[in-house]
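# Observations on chain architecture
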Amino acid sequence: MHVNIISLIWILSSFIVLFDGWLCLSRKKFRGSKEFAIVNFTIAWYVFFTAFELMSVELDQVLFFTHLEYIATTFLPALLINFVLKFLDYDSPYNKPILIALSIIAFAEMILQWTTTRHGLVYRNVQLQAYGNLWVIHFEKGPVYILGSIIQELSIIGSMILFMNSLSKAKGTLRTQLSLMIIVLCIPLAVFLLYIFSAIPVPYDINPFSFTLVSIFTTFMLLRVDMFAFAPVKQGRVFMSMRESCVIVDENGRIVDMNQRTKEMLPFLNSDVIGEKALDVFAIFPSLIEAMIHHEEQEIELNASFVGGPEWILAKISLLNDDRKDSIVYAIFFEDTTERHRMLESLQYYATRDDLTGLFNRRYFYEAIKPGIIASITKDTEVSIIMIDIDSFKEVNDAYGHAIGDKVLRSCAKVLAAKLESESDAIIGRFGGDEFIVFLPQASLEEAKRIAEKLRLSVVAMPILEEIEQPLHISVGIAAGQIARLEEIEMLISKADDALYKAKRSGGNLVCV
């Protein structure tokens with residue numbers, strides 16, 4: 001054995017590549033990192049024993065170390081293709097057959113290389129030639145050697161094609177990763193072709209140098225552009241419904257793609273967020289973040305108006321695990337539900353409001369006053385009821401028609417509601433026909449009288465409607481007292497109703513108790 005500078009460089013390179021493999025393996029939870037670690041370990045094996053080949057001074061020694069090299073070089077095509085398919089998440093029924101075929105070919109090529117002195121299928125007429133202080137193997141290339149070279153080149157070219165196909169659809173950080181991988185793969189491709197056609201003016205194989213560069217550059221990407229912290233996800237299984245906005249998040253929690261509808265609906269989701277962490281991008285929606293952290297399939301209502309989106313959107317999280325327990329990939333679908341919300345609000349409004357006056361209807365009035373009644377019972381205070389009836393309304397309706405009657409009801413309701421705005425917690429509703437009802441929680445009889453008189457005067461002061469050319473006025477009945485149960489409110493309403501009819505019998509435009 002004769003130590004020389006080239007063999008020392010190769011030994012140093014093998015340890016660098018071995019370290020690179022360890023770095024990749026340390027990120028094994030990320031897709032493709034484990035596979036590339038194996039590629040690195042294989043390259044390290046090849047480079048290490050190439051160094052010992054160059055230190056050998058006898059043919060038997062050289063052949064022994066080339067046998068060890070071939071354990072790595074023959075399997076490199078299968079390992080490289082396996083890494084690329086894994087990293088790109090390329091799903092095809094041909095993946096497994098191709099890898100099995102490459103592995104079988106690699107094993108057969110390795111056995112034939114070990115026995116090449118018997119049949120000459122790999123190389124023949126092997127001899128050593130001295131170049132300075134180096135002894136370099138020379139041989140005639142056999143058909144198996146040529147076939148192995150073609151397979152190795154095709155594996156590199158195939159890997160580049162797969163990367164370029166993904167590059168055409170990639171954005172942001174992913175595009176940077178794929179571009180660098182294509183550039184890196186050009187190195188061993190170019191060097192191998194130059195070596196095969198004897199275009200390099202050095203007598204020894206410099207493929208170890210090119211593969212070392214591949215390892216170093218990939219490690220750079222590992223550390224600087226998050227090589228394995230951001231893996232692409234197959235687009236075809238994400239955009240299942242193009243009518244909805246869709247964002248795809250990979251197993252590393254980064255946004256990898258979105259459809260055009262997403263950019264239209266939510267302007268802050270654009271190409272700039274590709275490659276960013278989803279938890280950071282969606283930090284403005286805490287409820288969405290909560291579901292993402294716990295990997296839960298949920299439907300969450302969000303208000304997106306403050307980020308330039310619709311007033312209401314429905315976010316639907318769908319897990320896409322691919323049966324891999326350690327890999328959580330999910331799609332987030334966004335649907336504009338603003339119109340649906342408005343429709344529900346409209347339905348709620350008409351379910352609780354009188355469609356003519358806009359006041360609470362009788363049914364909902366009872367629901368609305370429950371909290372006030374409970375508070376009064378708890379605090380042992382009085383509540384008051386005010387009943388209101390429009391004087392001479394039947395005559396107006398008969399004389400001028402229902403359209404004018406409706407206008408009178410709307411006008412009175414508007415004035416009454418406006419006057420009650422200054423009264424804390426007062427609730428007004430249309431009780432039926434031309435009758436209105438007011439609930440005053442924790443209000444004494446004297447307080448109810450004050451408010452009732454204010455309401456009466458507000459109607460008297462209304463502008464005269466030009467259609468009827470006569471002033472409007474109301475009769476008002478009041479009842480107040482303490483109640484022990486919700487049901488007892490009916491007793492107060494009955495008393496207020498009796499007081500109302502007392503006011504009407506007294507000529508109207510009057511407040512009675």
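Everything below is about the structure printed above this text.
This one's a predicted model, so the numbers in the text were calculated from it and none came from an experiment. (Residues numbered from 1 in each chain as written. Predicted model: local features only at pLDDT ≥ 70, side-chain atom pairs only at ≥ 80, totals over all residues. Heavy atoms only, no water.)

For the rest of this paragraph, the subject is the packing of helix α5 (residues 95–114) against helix α7 (residues 143–167). Across the interface, α5 lies against α7 with an axial gap of 11 Å and an inter-helix angle of 145 degrees. The chirality of how α5 crosses α7 is left-handed. Counted together, Leu102, Ile105, Glu109 and Leu112 of α5 and Val144, Gly148 and Ile151 of α7 form the full contact between these two elements. Residues belonging to the contact of α5 with α7 are distributed by class as follows: 5 nonpolar, 1 polar and 1 charged. (Axes fitted to C-alpha atoms, helices over the stretch in contact; angles between N-to-C directions. Helix = DSSP H or I, 4+ residues; strand = E, 2+ residues; numbered from the N terminus. Left-handed = near helix turned anticlockwise from the far one by under 90°. Contact = heavy atoms within 4.5 Å. Nonpolar A, V, L, I, M, F, W, Y, C, P; charged D, E, K, R; others polar.)

Turning our attention to the pattern of salt bridges. Going through the model one piece at a time under the given rule, you end up with 19 salt bridges. Between Arg342 and Glu339 there is a salt bridge, with its nearest N and O atoms 3.3 Å apart. With Arg342 and Glu339 both in helix α13 (residues 338–352) and 3 residues apart, the pair spans about one turn of that helix. By relative accessible area, Arg342 is classed as partly exposed at 44%. (Salt bridge = Lys/Arg side-chain N within 4 Å of Asp/Glu carboxyl O. Buried < 20%, exposed > 50% of the residue type's maximum accessible area, 1.4 Å probe, protein only.)

Take the sheet that holds strand β9 (residues 427–432) next. Spatial ordering of the open sheet is given by β9-β10-β8-β11-β12, a layout of 5 strands whose pairing is mixed. Edge positions in the open sheet fall to β9 and β12 (511–512), since each of these has one partner strand only. By the bridge criterion, 5 bridges tie β9 to strand β10 (residues 435–440) in an arrangement that is antiparallel. In the sheet register, Ile427 faces β10, and the bridge partner there is Phe439. (Pairing = 2+ DSSP bridges.)

So, on to empty space enclosed by the protein. Empty pockets left among the atoms are what a rolling probe the size of a water molecule brings to light. Here the structure, examined in full by the defined rule, presents 2 cavities of 30 Å³ or more. Of the volumes computed, that of the largest cavity is approximately 120 Å³. What lines the largest cavity is a set of 13 residues, among which Val39, Leu76, Leu80, Ile156 and Phe211 lie closest to the centre. The residue inventory of the lining of the largest cavity, partitioned by class, reads 11 nonpolar, 2 polar and no charged. Estimated volume of the second largest cavity: approximately 40 Å³. Every residue lining the second largest cavity is listed: Val459, Val460, Met462, Pro463, Ile464, Leu465, Gln470, Pro471 and Leu472. Here the lining of the second largest cavity is composed, by residue class, of 8 nonpolar, 1 polar and no charged. (1 Å grid on protein atoms, 1.4 Å probe; cavity = no way out; pocket = protein on both sides within 12 Å on 5 of 7 lines; lining within 4 Å. Points joined across faces, edges and corners; volume = space filled by probe spheres on them.)

What follows is about the side chain of Ser155. Tracing the chain through its elements places Ser155 in helix α7. The exposure class assigned to Ser155 is buried, which follows from its relative accessible area of 6%. Not counting residues up to four positions away in its chain, the partners in contact with Ser155 are Pro77, Leu80 and Ile81.

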